Amino acid sequence: MERCSPHVWRTPTPGDASLVCDVCGHRLDLANGLKPEVMADILRDYRRHFGPIVGRHFEEALAVAVEAARPGERDT
């Protein structure tokens, strides 16, 4: 299947291992695959296509899912 552009990312939840595109199935590993630049691009595109309110909800959900996927980086 061809990759879409921009991807239509499924809103992640804690426990998800990957960020998944609902259209093409492309996956990004939440623990290792999301560099700050990539995450900023994803959030910018998401806000542009879905608006600021939905974009903010997605940003918050992504932050929680990334934090859950990277347990070694949390403060204890």
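> How do you make sense of a nonpolar patch on the surface when you look at a structure like this?
Together, Val8, Val23, Phe50 and Val54 line one region of the surface with nonpolar side chains, adding up to about 300 Å² of accessible area. Secondary-structure assignment places Val54 in helix α2 (residues 52-69). Residue class for Val54 comes out partly exposed when judged on its relative accessible area of 38%.

> Whenever I open this one, the side chain of Arg70 confuses me. Can you help?
Examined against the element boundaries, Arg70 turns out to sit in the segment after α2. You can call Arg70 buried: its relative accessible area is 19%. A distance of 3.1 Å separates a polar atom in the side chain of Arg70 from the backbone oxygen of Leu30. With sequence-adjacent residues up to four places away left out, Arg70 is seen in contact with Leu30, Ala31 and Leu34.

Each value, and the rule that gives it
Residues numbered from 1 in each chain as written. Predicted model: local features only at pLDDT ≥ 70, side-chain atom pairs only at ≥ 80, totals over all residues. Heavy atoms only, no water. Patch = residues over 30% accessible without salt bridge, like charges linked within 9 Å, V, L, I, M, F, W, Y side chains within 5 Å. Areas by Shrake-Rupley, 256 points an atom, 1.4 Å probe, with all protein chains shown as cover. Salt bridge = Lys/Arg side-chain N within 4 Å of Asp/Glu carboxyl O. Helix = DSSP H or I, 4+ residues; strand = E, 2+ residues; numbered from the N terminus. Buried < 20%, exposed > 50% of the residue type's maximum accessible area, 1.4 Å probe, protein only. Polar contact = N/O pair within 3.5 Å; in protein donor to acceptor, adjacent residues only side chain to side chain. Contact = heavy atoms within 4.5 Å.

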